[in-house]
Amino acid sequence: MRPVSLLILLLLAGLTSCQSSSQPEPVQYSVPTEVELFVKSFRDEAKKRNNPVSTNNLIITFGTAVGEDICGECQLENGKTPRITLNSDAFCWQQASQYERECLVFHELGHCLLTRAHKTDKFPNGAFASLMNPNDVTVYATCRYPIGNDDCDRRPRRDYYIDELFDAGTPTPAWGK
Ligand SMILES: [Zn+2]
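The shown structure was predicted, so the numbers you read here are calculated from the model rather than taken from an experiment.

Caption draft 1: Local environment of the pairing of strand 4 (residues 83-86). Here 4 bridges tie strand 2 (residues 58-62) to strand 4, and the two strands are oriented parallel to one another. The residue of strand 4 that forms the bridge with I59 is R83. Here 4 bridges tie strand 3 (residues 72-75) to strand 4, and the two strands are oriented antiparallel to one another. Bridge assignment links C74 to a residue of strand 4, and that residue is I84.

Okay, structure coming up:
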C-alpha cells in the first residue's frame, strides 16, 4: 500500500472512532430478574439516606468478569451505559446467600453508579471498613464474615456498610473498634 493511502486510512479510522465515542448511547435498562431486587434495594437504601441515585441507565448481565474483582466487573465509559458483569458460578452467585449477592451487586453498583474506587482499610477488629474492598481471598468478606456470620448481629453491620457505601466519611462503628 502506498504511504498516502495508508495515511488516509488511518485518518478515516481516527475520524470514525472519534464519531462513535462522541455519540452517547441511549439511556437503557436491562437487569436479570434475579438481580432486580438488589438494584431496587440499592435505590431504596440510597433514598433512605437522602442520596437518590438513578438506576435508569444500567446494564447487568451474567458472564465472565475479567477485571480486578473475582465475582463481578463494572465497565464505565464516557457516554456509554454503565455495564456490570456478574459471575454466575457457585462461589460468586449460585451458592451465595442473599446477603452475599446483595453485597456483590452493591459493590459493583458502588463502582458503576457512585464512582467509588476500591478501599482496603480495615477496622482494629480486622473487619473490612467498606463493601468496596477488593481483597481476593476473602472477597466481599464484609458479607461473608461480619454480615454473613449468624453469631453476629447482622442488621447494624449491614446498615453501617451501606452508610459507608453512600458516604465514605461514615465514622467507625462501635463493633469495629
Ligand atoms: Zn471492585
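Caption draft 2: Seen up close, unusual backbone geometry. Non-glycine residue N50 carries a positive phi angle of around 55°. One can find N50 in the loop between helix 2 (33-48) and strand 2. Phi angles above zero are rare outside glycine, and T115 is one such case at about 45°. Its location among the elements puts T115 in the loop between helix 4 (98-112) and helix 5 (141-147). Given the relative accessible area of 61%, T115 is considered exposed.

Caption draft 3: Seen up close, the pattern of salt bridges. Scanning the entire structure with this criterion turns up 11 salt bridges. In this structure, E45 engages K48 in a salt bridge whose closest nitrogen and oxygen atoms are separated by 3.2 Å. Taken as a pair, E45 and K48 lie in helix 2 at a separation of 3 residues, close to a single helical turn. Judged by its relative accessible area of 5%, E45 falls in the buried class. The class of K48 is exposed, set by a relative accessible area of 61%. Residue E45 is joined to R49 by a salt bridge in which the shortest nitrogen-to-oxygen separation is 2.7 Å. When salt bridges with common partners are traced through the structure, they connect E45, K48, R49, E102, R158 and D163 into a single cluster.

Thresholds, definitions, all that
- Residues numbered from 1 in each chain as written.
- Predicted model: local features only at pLDDT ≥ 70, side-chain atom pairs only at ≥ 80, totals over all residues.
- Heavy atoms only, no water.
- Pairing = 2+ DSSP bridges.
- Helix = DSSP H or I, 4+ residues; strand = E, 2+ residues; numbered from the N terminus.
- Buried < 20%, exposed > 50% of the residue type's maximum accessible area, 1.4 Å probe, protein only.
- Salt bridge = Lys/Arg side-chain N within 4 Å of Asp/Glu carboxyl O.

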